[in-house]
Amino acid sequence: MNARQANPWAALSALCLGFFMILLDTTIVSIAVPNMLSKLNTGLNSVVWVISVYLLTYAVPMLFTSRLGDRFGPKRVFLAGLVVFTGASLWCGLSGSVEMLIAARAVQGLGAALMTPQTLAFITHLFAPAKRGPAMGAWGGVAGLATIAGPLLGGVLVDHLGWEWIFFVNVPIGVIAIVLTVLLVPDWQPKHAHAFDFIGIFLSAAGLFCLVFGVQNGQQYDWGTVFAGITVFEFIGAGVVLLVAFVLWQKYNRREPLVPLAVFGNRNFSAGTLTATTVGFTMTGMFLPLIIYIQTVLGLSPTLAGVLTAPMSLLSGVIAPFVGRASDRINGKYLVMGGLSLLALGIGIIAAQARPDTSPWALIPALLVCGLGIGCIFSPMSNLTMASVRPQLAGTASGIFNTARQVGGVLGSAAIGVLLQARISASIADEATTAAAQLPEQYRQPFADGIAHAAASTGEFGSSAGPAAPIPGLPADIAAQAGRLASEAVHNGLTDAARATLILPIAVLILGVLSAAFLRRVTPRPAPTATTPTTSETPVTA
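Just so it is clear, the structure is predicted and the values come from calculations on it, not from any experiment.

Observations concerning the overall build of the protein
So, point 1. Looking only at helices and strands, one finds 20 helices and four strands in the protein.
So, point 2. Here the protein holds 542 residues, and the buried ones make up 54% of them.
So, point 3. Taking the intrachain contacts of the protein between residues at least 6 apart in sequence as the baseline, contacts between residues at least 24 apart amount to 81%.
So, point 4. When the accessible surface of the protein is summed, it comes to about 22000 Å², and 67% of that surface belongs to carbon and sulfur atoms.

Observations regarding a nonpolar patch on the surface
So, point 1. Taken together, Leu-152, Leu-304, Val-307 and Trp-361 make up a surface patch of nonpolar side chains, about 320 Å² in accessible area.
So, point 2. Looking at where Leu-152 falls in the secondary structure, it is placed in helix 7 (residues 132-160).

Here we look at the pattern of salt bridges
So, point 1. Tallied over the full model, the rule gives three salt bridges.
So, point 2. Among the salt bridges present, the one from Arg-76 reaches Asp-187, with a minimum N-O distance of 2.8 Å. Remark: Asp-187 occurs in the loop between helix 9 (170-184) and helix 10 (198-217) and Arg-76 occurs in helix 5 (residues 74-94); sequence separation between them is 111 residues.
So, point 3. Judged by its relative accessible area of 30%, Asp-187 is partly exposed.
So, point 4. Between Glu-488 and Arg-484 there is a salt bridge; the shortest N-O distance is 3.3 Å. Taken together, the positions of Glu-488 and Arg-484, both in helix 19 (residues 476-501) and four residues apart, correspond to about one turn of that helix.

Some words on the packing of aromatic side chains
So, point 1. Under the criterion given, the structure shown has 10 aromatic pairs.
So, point 2. Taking 5.8 Å as the distance between ring centres and 50° as the angle between the ring planes, the aromatic pair formed by Tyr-54 and Tyr-58 counts as tilted. In this pair, Tyr-54 and Tyr-58 both sit in helix 3 (residues 44-59), four residues apart, roughly one turn of the helix. Taken individually, Tyr-54 and Tyr-58 each receive the classification buried, so the pair is uniform in this respect.

Thoughts on the packing of helix 12 (residues 267-285) against helix 13 (residues 287-297)
So, point 1. Packing of helix 12 against helix 13 leaves a shortest axis separation of 5 Å and a crossing angle of 15°. The orientation of helix 12 with respect to helix 13, classified from their angle, is roughly parallel. Between helix 12 and helix 13, the contacting residues are Met-283, Thr-284 and Gly-285 on the first element and Phe-287, Leu-288 and Pro-289 on the second.
So, point 2. Residues belonging to the contact of helix 12 with helix 13 are distributed by class as follows: four nonpolar, two polar and no charged.

Remarks on helix 13
So, point 1. Within helix 13, 11 of the 11 residues are buried, leaving the element largely enclosed by the surrounding structure.
So, point 2. Taken as a whole, helix 13 has its buried residues at Phe-287, Leu-288, Pro-289, Leu-290, Ile-291, Ile-292, Tyr-293, Ile-294, Gln-295, Thr-296 and Val-297.
So, point 3. At the exit of helix 13 stands Gly-299, carrying a positive phi of roughly 80°.

Let's talk about the packing of helix 15 (residues 332-353) against helix 16 (residues 364-387)
So, point 1. Between helix 15 and helix 16, the shortest axis-to-axis distance is 7 Å and the interhelical angle comes to 155°. Taken as axis vectors, helix 15 and helix 16 run roughly antiparallel relative to one another. The chirality of how helix 15 crosses helix 16 is left-handed.
So, point 2. Here the residues of the contact of helix 15 with helix 16 sort into 20 nonpolar, five polar and one charged.

Some thoughts on the nonpolar core
So, point 1. Residues Met-36, Leu-44, Ile-166, Ile-294 and Phe-447 are the most contacted members of the largest nonpolar core, which totals 155 residues.
So, point 2. Counting residues per element, this core draws most heavily on helix 17 (residues 394-436), at 13 residues.
So, point 3. If we skip the residues at most four places from it in the chain, Ile-166 touches Asp-25, Ile-28, Val-29, Ala-32, Met-36, Gly-154, Leu-157 and Val-158.
So, point 4. The next biggest cluster of nonpolar side chains, apart from the first, holds five residues, and it includes Val-323, Ala-326, Leu-335 and Cys-376.

What to know about unusual backbone geometry
So, point 1. For Asn-41, which is not glycine, the phi dihedral falls at a positive 50°.
So, point 2. With respect to the secondary-structure elements, Asn-41 resides in the loop between helix 2 (33-39) and helix 3.
So, point 3. When its relative accessible area of 70% is taken as the criterion, Asn-41 is described as exposed.
So, point 4. Notably, Asp-222 is not glycine yet its phi reads approximately 55°, a positive angle.
So, point 5. Following the sequence through the fold, Asp-222 ends up in the loop between helix 10 and strand 1 (225-227).

Concerning the environment of Leu-304
So, point 1. Locating Leu-304 in the fold gives a position in helix 14 (residues 302-326).
So, point 2. Residue Leu-304 is classed as partly exposed on the basis of its relative accessible area, which comes to 37%.
So, point 3. Sequence separation of Leu-304 and Gly-155 is 149 residues, and the distance between their C-alpha atoms is 7.2 Å.

Here is what the cut-offs are and how they apply
- Residues numbered from 1 in each chain as written.
- Predicted model: local features only at pLDDT ≥ 70, side-chain atom pairs only at ≥ 80, totals over all residues.
- Heavy atoms only, no water.
- Helix = DSSP H or I, 4+ residues; strand = E, 2+ residues; numbered from the N terminus.
- Buried < 20%, exposed > 50% of the residue type's maximum accessible area, 1.4 Å probe, protein only.
- Contact = heavy atoms within 4.5 Å.
- Areas by Shrake-Rupley, 256 points an atom, 1.4 Å probe, with all protein chains shown as cover.
- Patch = residues over 30% accessible without salt bridge, like charges linked within 9 Å, V, L, I, M, F, W, Y side chains within 5 Å.
- Salt bridge = Lys/Arg side-chain N within 4 Å of Asp/Glu carboxyl O.
- Phe/Tyr/Trp six-rings, centres within 6.5 Å; stacked < 30°, edge-to-face > 60°.
- Axes fitted to C-alpha atoms, helices over the stretch in contact; angles between N-to-C directions.
- Parallel < 35°, antiparallel > 145°, perpendicular 65-115°, else oblique.
- Nonpolar A, V, L, I, M, F, W, Y, C, P; charged D, E, K, R; others polar.
- Left-handed = near helix turned anticlockwise from the far one by under 90°.
- Core = buried A, V, L, I, M, F, W, Y, C linked by side-chain atoms within 4.5 Å.

Written out as structure tokens, the structure reads:
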């Protein structure tokens, strides 16, 4: 089928179904974290890797996979990604250990990286410029639907079928998407002869992996030796060195670098890309402590946890189109700065409200503030970042911009994960020492040691009950008291850990506000006439 024979909207529906699957998997897993901790009998660090490895293998190859579509055809690359993603989803659900699940998630991320760039390329190809607005609106609507459906669907599946089904659900969707893509999407062949920057791909992938591995595993290895005498800080240092080498290689590579540094000479693009990175960091990082708190401490089921967070996503989706239109009339940077500030305010209110006895529904106003902020960010941020980029660099700049947001998510997952682990260990140990004072003296130290050991593993907090009494063989009355104190220590410690951890995304959002302040309003370029010369860039004003 060629492009002229294809129905653009039918083709878009097939592409959007695959895109929906990708975004669903970025939001559905967080809701299952407490269940995975208990059912897989593993620690928090391993479960965070289930999230991080997917984001890592999704983000790093995307600039490369966009060029694969140019070389071999977007439909073929998209189909390959669909097959990989669907097969890896089945593998995820069948995984009997957390190690196998992490490996399957890495392959799933590669499938997502193959698919994502091709969807936008097809929208550009299938729809004339004057008709792309509705197509982009449909594409954005799918993204909003996946954001809302992820926690809700994930909660229902975890409650009634188990965590495995958050991955099994992708299989029938993937099979349908494969069939529809074969039947409805044209086999468009751009046949652009791109050079592949394999050195750049290696340096960026290795650098980011070493950095994320070192940061995320720091607490697990007590910031000491990992293996063969190599320390955590040496991993982090190697990651930084490799990323610096990547930047230098991009500067001196005269053929076709993965990231042409010339694009960062555009002030709006540089500021917008940094802002997008902070948004990705926050959007990924904020949910881990929040979900553990509302499920493990407040005792909500996964389904109710999804219901609690759904209004935030719904509000952001409702107001986003209005914000997009408003950004045409007022300086969009103030909308971005206001949105980032509202998101930080909402997270701050949640952190201030969080107590072991807080009603979960009392968090809804703060979550709505977060949703209002999120809805104000994306449209004006994307428009200001991309509108003044030279047309020759638009495709590359779009890939860099989207990859930066995903990289922010990887860093957010790693940093929030390690901070949460550290705070859980410290806070629960402190709470256990305080609680132990209520027991007879001979039981105090064993009680505190038992709770501290459980906190170090962070694998016993998958239910709201907390761990069992940590001292076997106690008299019945002492055992009941110790069990109650253990539950209180865990809940108090987890609450303190969640509150402290939420400060980090707030700090990152402040950086985002500062970077957004450097964005300049884009002045629409007048239509060229016989007496009006065209310019290479859209003018910008302060």
